[in-house]
Amino acid sequence: MIQMNNRVSFQNIDRILRIVYRELSLDEHLNYTEFSKGELKNVFDLRSATFRSRVTTSYLSTYPDNYHHDDLDNLLTELARELESEFHSTNVLFMIPYIAKRIIQRRSDELFIDFNDLLEWDGFINKIELKLFLGAYFAMCNHGEIFDFTCTALKNNNKYVMDILSRNGISENHMHLKASGYSEDINWYHFLELSIFEKSKFKAFCSEPGIFRELPKTDENLDRLVQYMMKIKFLRFLLKELSPSEKKKVEFKMMDIETLLCSKDLEIDLFSLNGKNSKKIRESLMSENIILKQNFKKLFEKHSIFAYGQVELKFLTDFFTYILSHVQTSESLIYLMNLYICGAGRVKFQFVQDNIGMGFSKFKEKEDNKTWFVPDQGKGKKDVIQSVFNRYYHEGNINKVELRIAPKNSKNEYIEFLKDLEEMNDKEYEQVKKHNKKIKKISYGVIVHFIKPLNHKDQYDKSQISLEKVRSKERAEKYYCRSFFQREQCEMGIDVLISTIGYINDLAEKEQLGTEKKYSINESEEKTRKIKFSCIKDKLVGIDTANYELNNRPEIYACAFRKYRDASYNQFPQHITYHVGEEFPTLSDGVRAIDEAITFLGYERNDRLGHALALGIDPRDYY
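Residues numbered from 1 in each chain as written. Predicted model: local features only at pLDDT ≥ 70, side-chain atom pairs only at ≥ 80, totals over all residues. Heavy atoms only, no water.

Trainee: Can you help me understand the overall build of the protein chain in this one?
Mentor: When helices and strands are counted, the protein chain shows 26 helices and eleven strands. Buried residues in the protein chain amount to 50% of all 623 residues. The contacts in the protein chain between residues at least 6 apart in sequence include a share of 74% that link residues at least 24 apart. Summing over all exposed atoms, the protein chain offers an accessible surface of approximately 31,000 Å²; the carbon and sulfur share of this is 49%. (Helix = DSSP H or I, 4+ residues; strand = E, 2+ residues; numbered from the N terminus. Buried < 20%, exposed > 50% of the residue type's maximum accessible area, 1.4 Å probe, protein only. Contact = heavy atoms within 4.5 Å. Areas by Shrake-Rupley, 256 points an atom, 1.4 Å probe, with all protein chains shown as cover.)

Right, here's the structure in full:
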């Protein structure tokens, strides 16, 4: 199973990881823990009959067509033998360094995956977090320069393909600002930065659509989920406190750990512990986020945007470094880390859209949750966007990027946003150019996509339209048409966009002639911000729609899109794109929507249909 023609076969090991760390929950692992006997090791031990039974039952339920009982038993036995031979332990945690050692390779200062292992690697990092494998790898290889590692996706060693990509460059034609950078790292850091007692914040997060969607959002479930979030933060705190490499602030007894991890109200039970110890624990917990911020600040000063991910990577590397050399004396640490992986992984995967159950409703839910913990005020939101440029520059092959944004309300908002983008691009380019003289500056364009709502108010609404407005026949006819609010909102957005592009072009021309004046983002402010309009000219390159297709016929956007097209003939030659044929009640309806988009929006050559999946479906298969 493990060795095959001197190459390592990882088939199905990724599924074992999924069962242990995703399907078997943190609460279930706690239920099987006999704290009173101190037998923590058996909860995750591949030689434990109880643990194997739990894994086998869940595996056969999750993958009914994959293995039968005897095959799976042989697989677990062989895997236990491999771990025992290499790590002198059969704890399932050691599967992580076992895999990392065999699948991650290093050439000079670059890590990569063998091209033949890419599918297996994809299987692993879709089950548990990539940083777990990196932390284990750095620990085993005594990699002293962990903080110089800056990739979030490992490359492969297919030199032929990589040469083509490097030589010609590639284009990212559908980039989402919240998802294409390091949003998961930034979101997770801000979660860790919260106090463990932020119960209202955790409850608000757990109440969001798409978060723990497998559970009904009853009051009882929400209370349990809040405790779940608190226990994840407590586990991370425990792992640091119990690590011999850390200066101890609190002495923990196993009885206290059991009380708190199995608690139904962690905050109350903290006060019920031995008085003196309880006070120390609470004080240490309150100071933990202060220490985190201090460490992050030092990392950010040296490594900028990578600091968000390095906080977690350093924590995991330090952990694996210690336990790999103290396997026999680290039973409690290994047990707690297994719990932490289960808990943290479940939360982190709430930020990610997987392939289970598609549709715009799920996309919208995940889109909103990717940066849920990032404060609206402060540098976090800008760092999410800057991380996009950072990531593309370090991957080294992206030459052109298409950014997508929702419409802004004014010229000032557009200009401010475009200026921020240009500054971010310049900053990242200058940084990477110090190490790679051949790197090209990324060329980007911004597409404004108008948001298609889930529901329309199709009928006349007296609460929103005064009687005076509808007394004239012309106004009445307008307000009685289908989805008139959405039509009017889109047209207003187009007017602002057309005005903004014309304004930028005009001032860019004056700049070139030397007749420009200082431009103030906010006329009420004394502070004036000088903007080079020539830098942001031609950055607004097109329009599109986004979100729900059902109940949003192309006709609703037809007038606004044609107005944009008419204006572009004279001011700014551009084209349009429109997302259509993605979500439909029947295939014929999806095809009809595509035809309507082409007809009503006045499509021309080089205009684009977004996805248009209905065109690629065989009607005989569909029906």
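Trainee: Is there a simple way to explain the sheet that holds strand β3 (residues 104-107) in this structure?
Mentor: Pairing between the strands of a sheet comes from backbone hydrogen bonds, and it takes one of two forms, parallel or antiparallel. Strand order in the open sheet formed by three strands is β3-β4-β5, with mixed pairing between adjacent strands. The open sheet terminates on both sides in strands that have one partner only, identified here as β3 and β5 (155-156). Pairing of β3 with strand β4 (residues 110-113), which is carried by four bridges, proceeds in the antiparallel orientation. Considered in β4, the bridge of R107 is made with E110. Packing against the sheet, helix α5 (residues 95-103) makes contact with β3 and β4, and its axis sits at approximately 40° to β3. Here helix α7 (residues 130-140) sits on the sheet in contact with β3 and β4, set at roughly 55° to β3. (Pairing = 2+ DSSP bridges. Axes fitted to C-alpha atoms, helices over the stretch in contact; angles between N-to-C directions.)

Trainee: I'm lost on the sheet that holds strand β9 (residues 540-547) in this one. Help?
Mentor: Spatially, six strands are ordered β6-β7-β8-β9-β10-β11 in an open sheet, and the strand pairing comes out parallel. The outermost strands of the open sheet, each flanked by one partner alone, are β6 (170-176) and β11 (608-611). Averaged over all pairs of adjacent strands, the angle between their axes in this sheet comes to 25°, without regard to strand direction. Its contacts with the sheet place helix α19 (residues 411-433) against β7 (398-405), β8 (443-452) and β9, and it is angled at close to 140° to β8.

Trainee: How do you make sense of unusual backbone geometry when you look at a structure like this?
Mentor: For residues other than glycine, phi is negative in most cases, and the peptide bonds are mostly trans. The phi torsion at D538 lies on the positive side, around 70°, for a residue other than glycine. The phi dihedral of N551 is positive, around 65°, even though this residue is not glycine. Mapped onto the elements of the fold, N551 is located in the loop between β9 and α24 (555-570). Overall, N551 belongs to the exposed group, its relative accessible area being 58%.

Trainee: Mind showing me how you'd approach the side chain of H29 here?
Mentor: Among the secondary structure elements, H29 is positioned in helix α2 (residues 26-31). A relative accessible area of 0% means that H29 is categorised as buried. Residues contacting H29, with those up to four places away along its chain left out, are V20, L24, V43, F44, R54, Y335, L339 and C342.

Trainee: Whenever I open this one, the packing of helix α4 (residues 69-87) against α5 confuses me. Can you help?
Mentor: Helices that pack against each other are described as a pair by the angle of their axes relative to one another and the distance between those axes. It is the contact of α4 with α5, at a shortest axis distance of 10 Å, that shows an interaxial angle of 80°. Taken together, α4 and α5 sit at an angle that is classed as roughly perpendicular. Between α4, through L79, E82, L83, E86 and F87, and α5, the contact on the second element is made entirely by M95, P97, Y98, K101 and R102. Taken together, the residues of the contact of α4 with α5 sort by class into six nonpolar, no polar and four charged. (Parallel < 35°, antiparallel > 145°, perpendicular 65-115°, else oblique. Nonpolar A, V, L, I, M, F, W, Y, C, P; charged D, E, K, R; others polar.)

Trainee: What is the right way to look at the packing of helix α18 (residues 380-395) against α19 in this model?
Mentor: Relative to each other, α18 and α19 sit at 40°, their axes nearing to 9 Å. Judged by the inter-axis angle, α18 sits oblique to α19. The two elements α18 and α19 meet at a crossing, and its hand is right-handed. Every residue of α19 that contacts α18 at K382, I385, Q386, F389, N390 and Y393 is listed here: F417, D420, L421, M424, N425, K427, E428, Y429 and V432. Counted by class, the contact of α18 with α19 contains eight nonpolar, three polar and four charged residues. (Left-handed = near helix turned anticlockwise from the far one by under 90°.)

Trainee: Would you explain empty space enclosed by the protein in this entry?
Mentor: In this approach the atoms are scanned with a rolling probe the size of a water molecule, which exposes any empty space left behind. One pass over the full model with this rule turns up five cavities of 30 Å³ or more. Approximately 170 Å³ is the volume attributed to the largest cavity. Around the largest cavity sit 13 residues that line it, and L192, K233, F237, E288 and N289 are the ones nearest its centre. No other element matches helix α11 (residues 219-242), which puts five residues into the lining of the largest cavity. The residue inventory of the lining of the largest cavity, partitioned by class, reads seven nonpolar, two polar and four charged. Empty space within the second largest cavity amounts to approximately 60 Å³. Along its surface, the second largest cavity is lined by E549, L550, N551, N552, R553, P554, E583, F584, D589, G590 and A593. In terms of residue class, the lining of the second largest cavity is made up of four nonpolar, three polar and four charged. (1 Å grid on protein atoms, 1.4 Å probe; cavity = no way out; pocket = protein on both sides within 12 Å on 5 of 7 lines; lining within 4 Å. Points joined across faces, edges and corners; volume = space filled by probe spheres on them.)

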